[in-house]
Amino acid sequence: MAKKLAVEWGACIGRVTGVLVIVAGILLAAALCTAGQQPANPVPSIFEPHSTPADSILRLSNFVLTITVLIFGVVATLLSYATVKFRSKAGDAQHEPAQVYGSTQIELAWTVIPILIVVVLFLATARVIHAIQDAPKPVAAVEVTAIGHQFWWEYRYPALGIVTANELHIPVSDPNHPTPTFLKLLSADTDHSFWVPQLAGKTDLIPNRINETWVDPHRTGLFLGQCAQYCGTQHAKMLLRVSVETPEAFQVWVNAQKQPAIQDEKEAAGKRVFETTACVNCHAVGGTNATGRFGPDLTHLMSRSTIAAGAAENTKENLRLWIQNPDAIKPGSLMPAMQLTDADLDALVRYLETLK
Amino acid sequence: MSSDAMAIQAAESAGRPWVETLHEWITTVDHKRLGILYIVFALVFLVIGGVEATLMRIQLMRPHNDFVSPQVFNRLFTMHGTTMIFFVAMPVLFGFANYLVPLMIGARDMAFPRLNAFSFWLTAFGGILLYFSFVGGSGLYGAGNAPDVGWWAYAPLTARAFSPGNSSDYWTIAVLVSGFGSIGTSINIIATIFSMRCPGMKLSRMPLLAWLNLVMSGMVLIAITPLSAAQIMLLVDRYLGGHFFDTQAGGSAAIWMHFFWIFGHPEVYVLIIPCFAFMSEIIPVFSRKPIFGYPVMVGATVCIGFVSMSVWAHHMFSIGMSSYSNAFFTLTSMVVGVPTGIKIFNWLGTMWGGKLIFKTPMLFCIGFLFQFLIAGLTGIMLAVSPFDWQLSGSYFVVAHFHYVIVGGILFALFAAFYYWFPKMTGRMLNESLGKLHFWLFLIGFHMTFDVMHIPGILGMPRRIYTYEPGRGWDTMNLIVTIGTFIQGIAILVFVANLIYSFFKGPKAGNDPWDAWTLEWSASSPPPEYNFPAIPTVASRRPLWDLKHPEDPDGRYE
Amino acid sequence: MSTITTPIAQAPEAWSLPYRGKVAMACLIIAESAIFTIFVVAYLFYVGKSLTGPTPREVLETPIFYTICLLSSSFTIHFASRFLERGNRAVFLGLWLLTIVLGGLFLFGTGQEWHRLIYEHGLTISTNLFGTTYYSLVGLHATHVTVGLLMLGIVLLFGLAGRVGPEQSARVEVLSMYWHFVDAVWVVVFTVVYVVGR
């Protein structure tokens, strides 16, 4: 009776594992198939690349996956077969099976074959490493310096004289006439990581170190990502939004960003609140006295669709809440609660809303 | 004879005040008792670490959840990782090594019994110190502050500027102290194996468990110490104004990463190699055949030990090393998979042509084989550095290493528990509860960790206390959380089995599994002196020789 | 259920295993070497990278005399050990004491150098990268010398009380291994700090 149960358990193991693997595979396929089908909130899948580095990675990954799935297939089949075929039967207790100690030929075989697989995989990989990391920078490349902060992204376009924050705008790159974007990655405090899966693999931003990465998006649209190296309390809400635009739309954006802040006389009261409370210690507004660098540049705050590095939509209510009680949106961020009276706060928000 | 010894022990202990028993256990230098202390200590922290994981999974089961605050979540993942590696995995493996190595080599105790006890209490102190941080971490100012810098404690997040208070120091000192305990135990294991083997037990006749713990201990000597060095440097930075990792003074954040991973990667091999040892002892017994390719198994393990010291920067593929560095570490990380794969094939070869007995230890072994295979293959994927540029820092990596640690290490540990519990306590664990534990845990494990790969592929980074809805991560996270609860129930079944069987389990006798290594010749549990007379051996399976005098192993080795 | 407790096989002709004290000390030396290696790597990595403050070339003076003291103490401890094996306790004690004196001189020299660096040149552990790595590496070594001297001192006390004889020579040999290690580390530290790092 005990032996019979042993027999059934053995077969069950193989079957259940097989079923689970298949289920996992179906789930994976389903997830991948549904990825990218919701235009409003795209899924940042590494299997939906839209830029050369991400494309190369996907091609290499598919090759690696094929090999590993094959290896799994062979070994798992052998294991399942052994589990079923060699289970002990009733009456086996009296005789031990043949005591085999090893076999040099078999050991050689299953040493040499994996070494060959490693050689093939390595050569395929080395090529892609070199192609991505050592890619030359064409003259027409857009240069961006990204500086990681706790917990927001600063973007500078040195050649264009632009400073902005949190929402990166870059032009689409035509393969015949490439205009990739090359990013220098720096950090103002701890380690961060720039990861927009559909555009490229991640590269870290490390203080006292200059890293580089590049993307050449093949299609316009909004690509999402977020910081991928734990950097402190609000690491989870250091989101990335990359707007890839047509060359014309990009130029329009650049021209707008180059302008100093709009001076709207109607909101002078709010501007005074901004300039006389602690705001100017951290924030800059182009063309005014505010030149703080600790927090995001606010010159064109209203050109962004989110605030607090993507933690909230850029609406009047959220803006007001962010200034009054940042912990309600992003607890642990370095924005202090500004302790303003309601009147001052309203005036300030109205002023900020003029910074288009 | 054995029942007499147990009767004498029972008669002596009946009616003795519990303080005396407690005192005996606290002052013991007996390797068997220290082994049990290590194991019980680890089990307690396993439950604590599991609770931490469950709390995190509840927080992550839907987007924008507010079950715990970001600050608490960050402390949870830091404490969970630190606890599981340093206060569960290391102690439990040292516990089994402590218990089994002297018995398996025919010795009466470890080479340095008092060092053994000291090392255990260092580790225990480290664990208690780490958890004291929940109460005392902020010093005078706060209500308690456990470390929240991740279990790798990357610089400069650990600098005074970014980690005020003492929470990081609790991490540093607790791990540093328990690291010294680990070094002490490793020195003990190596000295025991070289200097205390019974007559006839040449190194080439030692059980694989002894060999593999020898390799593991050698690795500990040169793997834990880089972390100790880096932690001393961190303390110099935080307390003496040093600049080892001070980027403002020209220091390097990357050098902490190098030092940490020079420890961190060999460390995971330190954890898995004793589990390979369990497989190499248990699978042969339940296949009724000797291990296939004993010399190759030893050679492959030594090879893994050496090669694993050269792969560390595959944890750093995204930090901007040169293409040559990335290529080098890709190559070494793939190469280390070759001897590892060879071991899987040898276990398969052991089962092949055997007569497999599916008692609970063997069920966990078979689970290990499938799961370690998968984990190794996802490891090869991660070794491909461009693939890793996408997958590192994401839930794919979290899924991979939990596949190794839970699907590999924990399954192997469960096998070891069911196999050696009879030797340690004299009673068998309940077989039906064991099978229930296995199936429940298998289902929960796969539900959690198979599915967990998917959010990683869809862009979900790790160490985030919440996430945005609509990125395709929501349902997956919910399923992962449900699997966690199933695993929790399985653990409860296991703990219930341990407690019930300790008091009421059927008597085991010396050799319930009909096995072949020396520990099964001693009574269950063995007396303090292990063996009435030091044995002499003539082959790798001394008890096989005794049970089959017409066909001793010594003829074929 | 087996009642066999002692497998007996053909006893091997000669069964001798290494002395466990030596094995353990060799392991400790390997572990400590790894710690020192990391500090040496940090030192070399940061050579020339200090942003401000004194540089090695400006402030370091090569400690030839104290190095000779420490390295000769390896000879004295070696011979002390030999004489103990042969039973000559008096010479053993004399050489042992000499070892301690030489080691103590080395520590004194280190202290003297540090005093000069701190008070004449303003170089402390928090001054710059050079200060941090220098004091950490040399300090780590000096700590090991101190621990060694303490152990040597304990043996000296037991020796003076007449309790150290040829039967203890294996243990004395183990301690002498540690002392040789400390000296070997100094050779490395000296080369890195006073030769390469300048």
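Bear in mind that the values here come from a model prediction, so they are computed numbers and not experimental data.

Q: Hey, could you run me through the pairing of strand E2 (residues 152-157) of chain A in this one?
A: Each regular strand carries side chains that alternate between the two faces of the sheet. Residues and elements named next belong to chain A. Relative to E2, strand E1 (residues 142-149) runs antiparallel, the two sharing five bridges. Within the sheet, the bridge partner assigned to Ile-147 lies in E2 and is Glu-154. Counted along the chain from E1 to the antiparallel partner E2, the turn is two residues long. Strand direction decides the pairing type here: E2 and strand E3 (residues 162-165), joined by four bridges, are antiparallel. If you follow Tyr-157 over to E3, its bridge partner there is Ile-162. Hairpin connection between E2 and E3: a loop of four residues separates the two successive antiparallel strands, and Gly-161 in this loop has a positive phi of roughly 70°.

Q: Can you help me understand the interface of chain C and chain B in this one?
A: Interface extent is often summarised as the accessible area lost during association of the parts. Of the residues lining the interface, 38 residues belong to chain C; the matching set on chain B comes to 48 residues. For the side of chain C that touches chain B, the leading source of residues is helix H1 (residues 20-45) of chain C, giving 13 residues. Considered class by class, the residues forming the side of chain C that touches chain B number 26 nonpolar, 10 polar and two charged.

Q: Looking at this model, I keep getting lost on the arrangement of the chains. Mind explaining?
A: Take the two pairs of chains in contact: the one carrying the most contacts is chains A and B. Structurally, chain A and chain C remain out of contact, their C-alpha atoms never closer than 12 Å.

Q: Is there a simple way to explain the domain arrangement of chain A in this structure?
A: Residues and elements named next belong to chain A. Partitioning chain A into domains gives domain 1 (2-90 + 101-133), domain 2 (142-258) and domain 3 (265-352). Here the C-alpha centroids of domain 2 and domain 3 sit 23 Å apart. Facing 18 residues of domain 2, the contacting portion of domain 3 comprises 14 residues. For the side of domain 2 that touches domain 3, the elements supplying multiple residues, two or more each, are E2, E3, strand E10 (239-245) and helix H4 (247-258). In terms of residue class, the side of domain 2 that touches domain 3 is built from eight nonpolar, six polar and four charged.

Q: What exactly am I supposed to notice about the confidence of the model for chain A here?
A: Any residue range with low pLDDT should be treated as having predicted coordinates unsuitable for detailed reading. Averaged over all residues, the pLDDT of chain A equals 90, while 88% of them reach at least 70. Within the model, the stretch residues 1-8 of chain A combines pLDDT values under 50 with eight contacts to residues more than four positions away or in other chains.

Q: Whenever I open this one, the nonpolar core confuses me. Can you help?
A: Side chains of nonpolar character tend, in soluble globular proteins, to be buried together. Judged by nonpolar contacts, the single largest core of 338 residues is most densely connected at B:Ile105, B:Met279, B:Cys365, B:Leu369, B:Ile409, B:Ala412 and B:Ala415. When residues no more than four places from it in sequence are discounted, the contact partners of B:Cys365 are B:Met279, B:Ile282, B:Ile283 and B:Ala415.

Q: Help me understand the packing of H1(C) against helix H5 (residues 129-160) of chain C in this model?
A: A pair of packed helices can be characterised by two numbers: the angle between their axes and the separation between those axes. Residues and elements named next belong to chain C. Between H1 and H5, the least distance of the axes is 9 Å, while the angle of their chain directions is 155°. With respect to each other, H1 and H5 are oriented roughly antiparallel. You can see that H1 and H5 cross each other, and the crossing is left-handed. When H1 is examined against H5, the residues Phe-36, Phe-39, Val-40, Ala-42 and Tyr-43 are found in contact with a partner set consisting of Thr-133, Ser-136, Leu-137 and Leu-140. Per-class residue counts for the contact of H1 with H5 are seven nonpolar, two polar and no charged.

Q: Please explain the sheet that holds strand E4 (residues 167-171) of chain A as it appears in this structure.
A: Adjacent strands of a sheet pair through backbone hydrogen bonds, lying either parallel or antiparallel. All names here are of chain A. The sheet built from three strands is open, its strands ordered E4-E10-E9 with mixed pairing. In this open sheet, the two strands that pair with only one neighbour each are E4 and strand E9 (221-226). The sheet shows a mean angle of 25° between the axes of neighbouring strands, direction not considered. Direction of pairing for E4 relative to E10: parallel, over a ladder of five bridges. In the sheet register, Leu-168 faces E10, and the bridge partner there is Val-242. Strands E4 and E10 of the sheet are contacted by H4, whose axis makes an angle of about 135° with E4.

Q: Explain the sheet that holds E3(A) here, please?
A: Residue and element names in this part refer to chain A. The strand order across the open sheet built from five strands is E3-E2-E1-E5-E8, with neighbouring strands paired in mixed fashion. Two strands bound the open sheet, and with one partner strand each, they are E3 and strand E8 (211-215). Adjacent strand axes in the sheet meet at a mean angle of 25° when their direction is disregarded.

Q: Honestly, the environment of B:Tyr38 in this entry has me stumped. Any pointers?
A: Looking at where B:Tyr38 falls in the secondary structure, it is placed in helix H3 (residues 31-59). Separated by 233 residues in the primary sequence, B:Tyr38 and B:Leu271 have C-alpha atoms spaced 15 Å apart.

Q: Would you mind showing me how to read the interface of chain A and chain B here?
A: Between chain A and chain B, the contact holds 89 residues from the first and 82 residues from the second. Taken together, the elements giving at least two residues each to the side of chain A that touches chain B come down to helix H1 (2-34), helix H2 (52-85), helix H3 (104-133), strand E7 (203-205) and E9 of chain A. Tallying contributions element by element places H3(A) first for the side of chain A that touches chain B, with 16 residues. Of the residues that constitute the side of chain A that touches chain B, the class distribution is 48 nonpolar, 31 polar and 10 charged.

Thresholds, definitions, all that
- The residue numbering used here restarts from 1 in each chain and proceeds along that chain's sequence as written.
- Working convention: letters from A go to chains and numbers from 1 go to ligands, in the order in which they are written.
- Thresholds applied to this predicted model are a pLDDT of at least 70 for local features of residues and 80 or more for the giving and counting of side-chain atom pairs; totals over whole chains, interfaces and linings are not thresholded and use all residues.
- Pairing between two strands is assigned when DSSP locates at least 2 bridges connecting them.
- Helix numbers and strand numbers start at the N terminus; a helix is a DSSP run of H or I with at least 4 residues, a strand a run of E with at least 2.
- Note that contacts rest on C-beta atoms placed from the backbone: two residues are in contact if these are within 7 Å.
- Each residue gets one label: Ala, Val, Leu, Ile, Met, Phe, Trp, Tyr, Cys and Pro are nonpolar, Asp, Glu, Lys and Arg are charged, and the others, such as Gly, are polar.
- For the purposes of this description, domain bounds are those given by an automatic or database domain assignment.
- Values of pLDDT, which run from 0 to 100, indicate the predictor's confidence residue by residue.
- A set of buried residues drawn from Ala, Val, Leu, Ile, Met, Phe, Trp, Tyr and Cys, joined through C-beta atoms within 7 Å, is what defines a nonpolar core.
- Three exposure classes are used. Buried residues have 20 or more other C-beta atoms within 10 Å of their own C-beta, exposed residues have 12 or fewer, and partly exposed residues fall in between, all C-beta atoms being placed from the backbone.
- A fitted line through C-alpha atoms represents every axis, and for helices the fit uses only the stretch in contact; the resulting angles, taken between N-to-C directions, go from 0 to 180 degrees.
- Working definition: roughly parallel below 35 degrees, roughly antiparallel above 145 degrees, roughly perpendicular at 65 to 115 degrees, and oblique for all remaining angles.
- Less than a right angle of anticlockwise turn of the near helix away from the far helix marks a crossing as left-handed, whereas a clockwise turn marks it as right-handed.

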